[in-house]
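A closer look at the structure
Residue-level listing of the chains:
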Amino acid sequence: MKRSLLSVRAALVLLACACGGGGDLGGGGGAGGQASEGPSTTTTAAGGSPSASTTTSTGAGASPSTGTTGAGGGLGPHVPEPSTPTRGGTMTFTNIGAPGWWPRRLDREPGDPACDYKDGNDTWGGHCCMTEHPTTSDRLAPFDEEMTLIMKAIRVKQLAVYQPGSDPAAWQMISSWDARSGVGSNLLVTQEQTTSADFTGDLTKTDCVTYFMQDRPFACGDGKDYYCPDDPGVMHLGWAGSKLVVFLASMTFDDAGVEKCSGDGQGHPGPWVAFVASELIRDGGRKWNGLCNCYSKTGTVGDGCGEINVFEVVMDDNEYSNREFMSTGVRSYQEGHIGGSVCGSGCDRDALAEDVEVVDACAQQAYEKGPVIEAGGRSDGCPTWRRPIGDRYFMILLDEAQRTIQVAVIHPEKIPSPAAEMLPDLPGSLSRGAIDAMLSMRLPE
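How each quantity is defined
Residues numbered from 1 in each chain as written. Predicted model: local features only at pLDDT ≥ 70, side-chain atom pairs only at ≥ 80, totals over all residues. Heavy atoms only, no water. Pairing = 2+ DSSP bridges. Helix = DSSP H or I, 4+ residues; strand = E, 2+ residues; numbered from the N terminus. Axes fitted to C-alpha atoms, helices over the stretch in contact; angles between N-to-C directions. Contact = heavy atoms within 4.5 Å. Disulfide = S-S within 2.5 Å. Buried < 20%, exposed > 50% of the residue type's maximum accessible area, 1.4 Å probe, protein only. Salt bridge = Lys/Arg side-chain N within 4 Å of Asp/Glu carboxyl O. Polar contact = N/O pair within 3.5 Å; in protein donor to acceptor, adjacent residues only side chain to side chain. Core = buried A, V, L, I, M, F, W, Y, C linked by side-chain atoms within 4.5 Å.

1. A closer look at the sheet that holds strand β23 (residues 429-431)
A sheet is described by the order of its strands in space; here 8 strands give the open sequence β19-β2-β22-β21-β12-β7-β8-β23, paired in mixed fashion. Edge positions in the sheet fall to β19 (372-374) and β23, since each of these pairs with one other strand and no more. Strand-to-strand, the axes of this sheet are offset by a mean angle of 15°, without reference to chain direction. By the bridge criterion, 8 bridges tie strand β12 (residues 243-250) to strand β21 (residues 391-399) in an arrangement that is antiparallel. When the sheet's bridge partners are listed, L248 is paired in β21 with Y393. Across the face of the sheet, helix α3 (residues 432-439) comes into contact with β2 (89-94), β8 (170-178), β12, β21, β22 (404-410) and β23 while running at roughly 70° to β23.

2. Points about the state of the cysteines
Inspection of the entire model under this criterion finds 7 disulfides. What pairs with C128 in a disulfide is C292, and their sulfur atoms sit 2.0 Å apart. In this structure, the disulfide formed by C128 and C292 twists by about 90° around the S-S bond and is classed as right-handed. In this pair, C128 sits in strand β5 (residues 127-135) while C292 sits in the loop between α2 (278-281) and β14 (307-312), placing the two residues 164 residues apart along the sequence. Each member of the pair, C128 together with C292, is buried.

3. Looking at the pattern of salt bridges
Under the counting rule described, the total for this entry stands at 22 salt bridges. Of the charged contacts, one joins R139 and D138 as a salt bridge, the two residues approaching to 3.7 Å between their closest N and O atoms. The class for D138 is partly exposed, based on a relative accessible area of 33%. The shortest N-O distance in the salt bridge between R349 and E324 comes to 3.3 Å. Residue R349 is located in the loop between β16 (336-339) and β17 (358-360), and its partner E324 is located in the loop between β14 and β15 (325-332); the two are separated by 25 residues in the primary sequence. Exposure remark for R349: the relative accessible area of 13% places this residue in the buried category. Linked through salt bridges whose partners overlap, the residues forming this network are D255, R323, E324 and R349.

4. Focus on the side chain of D399
Inspection of the secondary structure assignment puts D399 in strand β21. According to the relative accessible area criterion, D399 is buried, its value standing at 1%. In terms of polar contacts, D399 uses its side chain to reach the backbone amide nitrogen of Q402, at 2.9 Å. Setting aside residues up to four positions removed in sequence, D399 forms contacts with L140, W171, S242, T404, R432, I435 and L439.

5. Structural notes on the sheet that holds β5
The strands that make up a sheet are held in pairs by hydrogen bonds between backbone atoms, and each pair lies either parallel or antiparallel. Taking strand neighbours across the sheet as the criterion, the 3 strands line up as β3-β5-β4 in an open arrangement whose pairing is antiparallel. This sheet does not close on itself; its edge strands, each paired only once, are β3 (100-106) and β4 (118-121). In this sheet, neighbouring strand axes are inclined to one another by 30° on average, regardless of whether the strands run parallel or antiparallel. Where β4 meets β5, 4 bridges bridge the pair, whose relative direction is antiparallel.

6. Quick word on unusual backbone geometry
In this chain, A141 is followed by P142 through a cis amide linkage whose omega measures 5°. Among the structural elements, P142 can be located in the loop between β5 and β6 (147-152). Unlike most non-glycine residues, A71 shows phi in positive territory, near 45°. Within the secondary structure, A71 is located in the loop between β1 (54-55) and β2. At D317, a position not held by glycine, the phi torsion is positive, near 55°. By the secondary structure assignment, D317 is in the loop between β14 and β15.

7. Structural notes on the nonpolar core
In terms of nonpolar packing, the biggest core is built from 44 residues, with M151, F247, F275, I308, F311 and I405 touching the most fellow members. If we skip the residues at most four places from it in the chain, M151 touches V156, L159, L203, C208, V209, T210, F212, F247, W272 and V273. Grouped together as the second largest cluster of nonpolar side chains are 24 residues, Y393, I410, I435 and M441 included.

8. Topic: the pairing of β21
Across the 9 residues that make up β21, a large majority, 9, are buried. Along β21, one buried face is formed by D391, Y393, M395, L397 and D399 and the opposite face, lined by R392, F394, I396 and L398, is buried too. Pairing of β21 with β22 involves 7 bridges; the strand directions are antiparallel. Counted as the bridge partner of M395 is A408 from β22. Where β21 folds back on β22, the antiparallel hairpin that results is connected by 4 residues, among which R403 adopts a positive phi of roughly 50°.

Fair warning: the whole summary comes from geometry, so function is off the table for now.
The following block contains the structure:
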């Protein structure tokens, strides 16, 4: 079944709110439609509101026996599991960033004039005060703000975050984790009520949502100008400005082996990687406080503070779902939704060659060159991903200088020359030339 991107947008508007629930929202589209909102798992305390986390950070750095150091020292290459080499793929989002505003939650009393966007109730019946928060930036905005990484149903072996250093000609690894040590360097991992630098890397046993942040605390003041949730697990800094996240991981596992986060029965096995505004997870519900967060200024679409569904396998048991394909979509006040196409029940994985990574869902065929999606402009078809079998390097690069978001999937045995400075060594720093080279990738080439 073929559908254009526009043909499902009206249905999407009704389904795209960031609500709770046990799995992905049913807000997908057919081929060329929009992906769902991502997994929706909320942990609540006895009173019905989200409960606080307990931080149990155990430090940073790597075990001396591994030879890896992490962060500024780099990680070194990791031996991947063998799999059929693929040509790789990219999706390039251009013209990203525009002046605008999103609703920001504040801790003010009912009737306070600062509550100029909303003066009402949150999802659990408490008071919700929100104000219109403006920005004049056009350099990635709102994705130049702090962002937090979210993962579910994926097995991670290495993870690194790079950002520009004091020398703009070099980007430094500032956060990292490696399975050979199991301990993060300037990286904390929060799942349910536990936050730690220790991490097994295997997120395929349950459908719990896992958050990745720096280990530095976030200071939000008294809450009058920035809401401070009673949730220590998310009160850590995200990554602001330009940033590059790259990780070696696999989405190959037995669906039946995924339990609910509560431990009660079969869990939702759809892999999900998102990069969201840190403000969104500090709303008092870790993103799931649908009536009082910055996700949307209209209440129906993601036209707020910014969320990127970097890789999402839509498995909602409807015509829009297909466990063999992944979606990538960018959401913010700039355009509402950019990208987000899905390859629904009409797409056949086996109809594509074994080396295919990125697929046009509308044409149901492989791309010969990595697609480009322009904010406010045209899109090269309806780009989606074929779900990888085996290890891949997954990458999302957000660059203020070029106002571009580059998403890539790279097979460890087919590293393209523009990514050779970064892969497979994951060094402690990257040149600006390497960043520009990766932004120029249009895989397959």
